[in-house]
Amino acid sequence: MKKKLLSLLMAGAMTATMFAGCGGSDGSDASADKADDAAADKADDAAADDAAADDSADKADAAADDSASAGGQKLTVWCWDPAFNIFSMNEAAKIYQKDHPDVEVEVIETPWEDVQTKLTTAATSGALDTLPDILLMQDNAFQKNVITFPDAFTDLTSSGIDFSQFAQGKTAYSVIDGKNYGVPFDNGAVVACYRTDILEQAGLTIDDFTDITWDQYIENGKKVLDATGKPLISMQAGECDLIMMMMQSAGSSLFNEDGTANITDNETLKVVMETYKELKESGVLIEVNSWDEYVSSLTTETVAGTINGCWIMASIKTSEDQSGKWGLTNMPSLVGVDGATNFSNNGGSSWAVTSNCQNTDLAYDFLKSTFAGSTELYDNIISCGALATYAPAGDSEAYAAPDEFFGGDAVSKKIVEFSTKVPSNITGVYYYEARDAVATAITNVINGGDIDAELKTAADTVNSQMQ
Amino acid sequence: MSKSSSKLSLDKKHNITGWIFLTPAALLIFCMSFIPMIQAFLLSFKMGKGNALKPAEPIFANYSRMFADTVFTQSIKNTFFYLIIQVPIMLILALILASILNNRQLRFKGLFRTMIFLPCATSLVAYAIIFRTLFANDGIVNLVLVNLGILNSPYSFLTHATSAKVIIIIGLLWRWTGYNMVFYLSGLQNIEYSIYEAAKIDGASPVQTFFRITVPLLKPTILLTAIMSTNGTLQLFDESVNLTDGGPANASITMSHYIYNMSFKYVPTFGYAAAMSFLILILVAILAFIQMKVGDKRD
Amino acid sequence: MTKGKKILMYGFLIIMSIISVFPLLWMVIAATNKSVDVTRGRLLPGGYLIENFKNLIAAQDVGGAMINSFKYSVILTVISLVICSLAGYGFEIYHDKAKDAVMSVILLAMMVPFVATMIPLFRMFSSAHLLNSTLGFILPTLSTPFLIMMFRQSARSFPHDIIEAARIDGLSEIRIFFQMFIPTMRSTYAAAMTITFMNAWNNYLWPKVIMTDAKSQTMPMVVANLTQGYVTDYGMLMLAVLICTLPTAIVFFCLQKSFAEGITGAVK
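Residues numbered from 1 in each chain as written. Chains lettered and ligands numbered in written order. Predicted model: local features only at pLDDT ≥ 70, side-chain atom pairs only at ≥ 80, totals over all residues. Heavy atoms only, no water.

This brings us to the interface of chain B and chain C. Opposite the 90 residues of chain B that make contact, chain C presents 105 residues. Summed over both sides, the interface of chain B with chain C buries roughly 8,600 Å², with 75% coming from carbon and sulfur. At the surface where chain B touches chain C, the tally comes to 0 salt bridges. Taken together, chain B and chain C are joined by 13 residue pairs in polar contact (both at pLDDT 80 or more). (Contact = heavy atoms within 4.5 Å. Buried area = accessible area lost by both parts, 1.4 Å probe. Salt bridge = Lys/Arg side-chain N within 4 Å of Asp/Glu carboxyl O. Polar contact = N/O pair within 3.5 Å; in protein donor to acceptor, adjacent residues only side chain to side chain.)

Counted according to the given criterion, the structure contains 58 aromatic pairs over all chains. Note on Phe210 of chain B and Phe211 of chain B: the rings are 5.1 Å apart at their centroids and 85 degrees apart in plane angle, and the pair reads as edge-to-face. A residue is classified by how much of its surface remains accessible, and Phe210 of chain B, at 15% relative accessible area, is buried. Relative accessible area serves as the criterion here: at 56%, Phe211 of chain B is assigned to the exposed category. Ring centres 5.6 Å apart and planes at 20 degrees place the aromatic pair Phe177 of chain C and Phe181 of chain C in the stacked group. Residue Phe177 of chain C and its partner Phe181 of chain C are both found in helix α10 (residues 173–184); the two are separated by 4 residues, about one turn of the helix. Its relative accessible area of 0% is what places Phe177 of chain C among the buried residues. Taken together, Phe21 of chain B together with Tyr89, Tyr94, Phe151, Phe158, Phe177, Phe178, Phe181 and Tyr189 of chain C form an aromatic cluster joined through their ring pairs. Lying over the aromatic face of Tyr272 of chain B, Arg65 of chain B brings its terminal NZ or CZ to 3.9 Å of the ring centre. (Phe/Tyr/Trp six-rings, centres within 6.5 Å; stacked < 30°, edge-to-face > 60°. Buried < 20%, exposed > 50% of the residue type's maximum accessible area, 1.4 Å probe, protein only. Helix = DSSP H or I, 4+ residues; strand = E, 2+ residues; numbered from the N terminus. Lys NZ or Arg CZ within 6 Å of the ring centre and 35° of its normal.)

Looking now at the environment of Gly271 of chain B. All names here are of chain B. Relative to the assigned elements, Gly271 resides in helix α14 (residues 270–295). Linking Gly271 and Met47, residues 224 residues apart in sequence, is a C-alpha distance of 5.5 Å. If near-sequence neighbours (up to four positions away) are discounted, Gly271 is found in contact with Leu43, Ser44, Lys46 and Asn62.

All names here are of chain A. Taken in spatial order, the 3 strands make up an open sheet running β10-β7-β11, and their pairing is antiparallel. Each end of this open sheet is capped by a strand with a single partner; those strands are β10 (305–309) and β11 (326–329). The mean angle between the axes of side-by-side strands here comes to 25 degrees, regardless of whether they run parallel or antiparallel. Of the strand pairs in this sheet, strand β7 (residues 190–195) and β11 are connected by 4 bridges, and their pairing is antiparallel. If you follow Ala192 over to β11, its bridge partner there is Thr329. In this fold helix α17 (residues 411–420) packs onto β7 and β11, with an angle of close to 25 degrees to the strand it touches most, β11. (Pairing = 2+ DSSP bridges. Axes fitted to C-alpha atoms, helices over the stretch in contact; angles between N-to-C directions.)

All names here are of chain C. In the contact formed by helix α8 (residues 145–155) and helix α11 (residues 186–202), the axes pass within 11 Å of each other and the chain directions differ by 165 degrees. Relative to α11, the element α8 is oriented roughly antiparallel. Remark: the crossing between α8 and α11 carries right-handed chirality. Residues Phe146, Leu147, Met150, Phe151 and Ser154 of α8 pack against Thr188, Tyr189, Ala191, Ala192, Ile195 and Thr196 of α11. Looking at the contact of α8 with α11, its residues break down into 8 nonpolar, 3 polar and no charged. (Parallel < 35°, antiparallel > 145°, perpendicular 65-115°, else oblique. Left-handed = near helix turned anticlockwise from the far one by under 90°. Nonpolar A, V, L, I, M, F, W, Y, C, P; charged D, E, K, R; others polar.)

All names here are of chain C. Its 27 residues give helix α14 (residues 234–260) an end-to-end C-alpha distance of 36 Å, which sits within 8% of 39 Å, the value for a rise of 1.5 Å per residue. Taken as a whole, α14 carries its principal kink of about 40 degrees at Cys254. Extensive coverage of α14 is indicated by the burial of 20 of its 27 residues. Its side-chain oxygen at 3.3 Å from the backbone nitrogen of Gly235, Asp233 defines the N-terminal cap of α14. (Expected span 1.5 Å × (residues − 1). Bend = angle between axes of the 7 residues up to and from the residue.)

For chain A, per-residue confidence averages 83 on the pLDDT scale, and 85% of positions sit at 70 or higher. Throughout residues 1–71 of chain A the model reports pLDDT below 50, and contacts reaching past four residues in sequence, or to other chains, amount to 85 contacts. (pLDDT = per-residue confidence, 0-100.)

Moving on: a nonpolar patch on the surface. All names here are of chain B. Taken together, the side chains of Ile282, Ile286, Phe289, Ile290 and Val294 present a nonpolar region at the surface, about 490 Å² in accessible area. Mapped onto the elements of the fold, Ile286 is located in helix α14. Ile286 gets classed as partly exposed once you look at its relative accessible area, which sits at 46%. (Patch = residues over 30% accessible without salt bridge, like charges linked within 9 Å, V, L, I, M, F, W, Y side chains within 5 Å. Areas by Shrake-Rupley, 256 points an atom, 1.4 Å probe, with all protein chains shown as cover.)

Residue and element names in this part refer to chain A. Where helix α11 (residues 267–282) contacts helix α18 (residues 431–446), the two axes come as close as 10 Å, and the packing angle between them is 45 degrees. Compared by their axis directions, α11 and α18 come out oblique. Crossing of α11 over α18 shows right-handed handedness. Counted together, Leu269, Met273, Tyr276, Lys277 and Lys280 of α11 and Val438, Ala441, Ile442, Val445 and Ile446 of α18 form the full contact between these two elements.

Shown next, in the form of structure tokens:
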């Protein structure tokens with residue numbers, strides 16, 4: 001115990017001499033010889049793993065052309081959601097292992113917020129060797145992380161992966177300075193889901209909600225409200241998912257190409273804010289307190305529908321007794337805005353290869369043969385609701401199958417089609433700062449604030465945080 | 001204990017023994033807290049994002065920046081609102097509960113104690129979900145208030161500035177009162193029960209006993225809990241993140257929550273985050289110093 | 001005590017207990033229901049407990065996480081109590097100006113938010129190869145200003161006469177601590193043990209940063225995993241939370257007698 005304490009003390013004293021944040025890279029080798037201390041046998045394991053990884057990297061180099069056939073190879077992956085991302089990754093591993101039985105894929109379940117915390121911690125303390133080979137990243141955080149920690153990621157542009165097969169709006173999230181850093185995975189194309197049985201009571205059908213504008217939506221919404229007393233949509237107060245979806249549907253962003261904030265004189269944003277306010281005031285939209293309450297407003301039939309990324313269907317489908325009562329179509333478009341469409345995106349994520357990946361050839365080959373090359377994979381994972389942004393997958397039979405829950409509609413095919421029409425936008429490095437500031441603005445506007453003044457405040461907040 | 005007896009024990013040997021006793025703990029705190037603290041302090045004089053850091057210009061830039069940061073000033077106000085309202089209520093309530101539960105004639109003591117303690121053993125995840133469910137638009141609280149005729153229609157508690165703060169306070173009270181009660185209960189065991197029996201024979205009312213015996217004799221423990229609660233509230237994070245996510249419009253965000261956002265949610269600005277952390281240190285230190293001055297007298 | 005007062009007292013306690021326990025009761029009920037029924041606000045126990053349990057075991061390594069959490073928490077609690085009580089005793093029994101000053105400095109250590117010191121600490125631990133280890137888990141919270149102060153405050157009520165008498169009997173200082181102080185301060189130790197165990201058990205931010213390998217996951221991490229999906233299975237989640245809460249509740253229930261009805265008879 002004392003000995004261990006001493007070694008830690010030394011390590012502490014050593015690191016104390018380096019200013020925090022300078023990315024002291026010498027830290028790890030200098031203390032490597034301390035690892036012989038028996039108390040930390042786990043540490044020994046870690047060191048041994050490192051050595052093994054080095055070995056296998058050497059082997060891979062030696063067998064350059066046929067890297068994947070080298071024995072005992074392993075990829076570690078960080079991702080979350082056992083029913084979705086982890087399931088998909090394990091399916092991908094199974095497919096890859098058919099041709100490469102020696103390759104092992106170890107998935108370490110890590111919630112997204114923890115992925116972010118660990119990534120930030122590792123990158124700022126110069127301990128990139130604690131990262132896995134592959135990690136899943138929220139699309140909205142991609143620009144931020146790659147630009148802030150360029151050393152932590154591997155450029156995939158020349159990895160042999162064909163990025164042109166993915167929806168362009170989706171790939172754009174992980175392209176930085178013209179280089180590809182991510183393999184697109186799950187689809188966040190926006191869908192509008194409605195309870196057709198409730199619409200019927202107001203004399204409406206799903207067609208009355210297809211290819212419409214927000215004005216028509218509000219008009220229809222009032223009819224539904226009069227006839228049934230149910231609002232059309234619920235949204236989580238203080239979150240601006242709907243605002244962001246509306247923005248992107250017109251190809252508008254909170255940032256300009258040069259990275260400056262585009263908030264104060266953003267005409268689209270003003271229209272979006274006015275639309276949201278009208279939705280709220282007309283009673284067509286109700287705000288709920290939390291995500292749990294949002295989900296429960298769908299399962300308890302408090303509202304007649306919702307608009308969100310297509311992944312919301314999985315939550316809707318938990319109400320098995322509502323099967324056949326739902327219909328799915330595209331979202332309304334903004335009125336009086338250039339480039340307004342009925343398509344948008346919310347959420348979604350992509351795979352990134354870290355700079356700690358010792359066997360990049362294997363990682364590239366793995367991703368190329370699975371998420372960026374196997375329609376079989378996408379057919380297998382459709383059962384969990386994971387929809388492709390990989391265009392060839394949309395042509396397969398599995399995607400054309402009717403979905404009884406949504407009235408026998410071939411919803412999967414529809415969504416893949418939607419996703420190809422989504423205008424791309426600029427998330428920017430400061431996406432989360434801007435998003436929070438706009439969320440504050442919309443909350444104040446709902447409570448009677450002036451739109452221009454609130455947007456000015458939001459812009460000031462973002463500019464100050466960009467310092 | 002008297003001054004003269006403690007003076008007697010202060011010979012050199014005992015003095016050294018004292019130092020030896022506290023060395024392991026002090027050494028650990030030095031390594032695990034002070035070294036990182038010094039690094040964070042140095043960091044607070046740096047500007048920039050992620051790893052691209054440069055010395056702040058002027059040197060106190062991060063410190064002056066926070067007073068112009070409207071979100072941060074809002075978070076200071078919120079945090080002090082919680083501190084001023086929640087800590088006194090919680091400590092008094094805990095003290096009352098502890099003195100009731102210390103009564104030897106009381107039945108089912110163990111059961112009551114465990115039930116009142118349980119909230120703080122609950123994992124945060126459940127506590128957050130439960131509270132959000134209780135205060136939802138169609139939640140039980142609204143249901144009761146509407147049925148009693150106090151409200152006409154459900155009130156959206158978490159989307160209004162004041163009620164969101166109040167819910168955080170209720171959450172804190174619910175979760176931490178039992179926790180503080182534990183210290184008082186254990187502190188009460190070091191008071192001879194016969195004192196209470198004597199007071200009873202002398203005809204003292206429970207209220208008199210509480211103020212004349214319980215409070216003075218528990219002073220060291222009260223000081224402990226006061227400092228801990230002050231510290232805990234000024235560093236409040238969990239409730240802000242999980243109950244209200246700082247909303248609506250930053251009306252309930254705490255300082256630590258904002259620091260966390262600045263470090264991990266937003267593009268990391270560690271220099272600024274460290275500077276804000278040191279402001280918290282200064283605030284807690286001042287308050288703790290006052291509390292020590294008032295309550296930490298050996299007599 | 002008069003009857004009226006008694007009713008008042010029990011009434012107060014019962015109301016407080018109901019307020020405290022009601023949300024937990026809800027959690028227990030939710031653990032027996034299907035997720036969709038939980039979101040629909042069902043308040044009656046359901047028959048879905050076994051199903052939730054099967055799903056939970058299939059989705060997460062609950063057994064492994066429980067073993068990890070137990071291992072880390074027990075080791076941390078035992079060592080922490082010895083180190084901190086020794087220091088608290090040292091600060092109080094041998095107090096002088098210098099030691100009081102050191103105590104104030106130590107108190108400073110808890111006043112910086114952990115988010116600020118986490119990154120330097122992580123760098124230290126990763127260069128010392130302590131990631132994914134028990135030592136890595138326990139070291140930062142092994143010695144806490146809070147526990148030291150708690151023992152310092154309670155040592156104030158430890159009678160000096162006992163120490164003097166023991167010294168006359170020829171007991172060494174360290175034996176006075178182990179043979180006189182620890183047994184006398186049973187109630188403080190029991191309370192400290194409960195709190196330390198609970199804090200160790202529920203610790204989340206630090207473990208999630210240093211435990212980068214799936215085998216080292218703790219129970220709160222398992223619970224967090226369950227909240228991350230596009231679809232949250234509320235029934236399963238509540239069951240996991242219930243399992244995660246039980247150990248602390250049991251520890252409390254077993255120890256509460258010791259700290260709330262502590263026998264101070266040894267002190268005369």
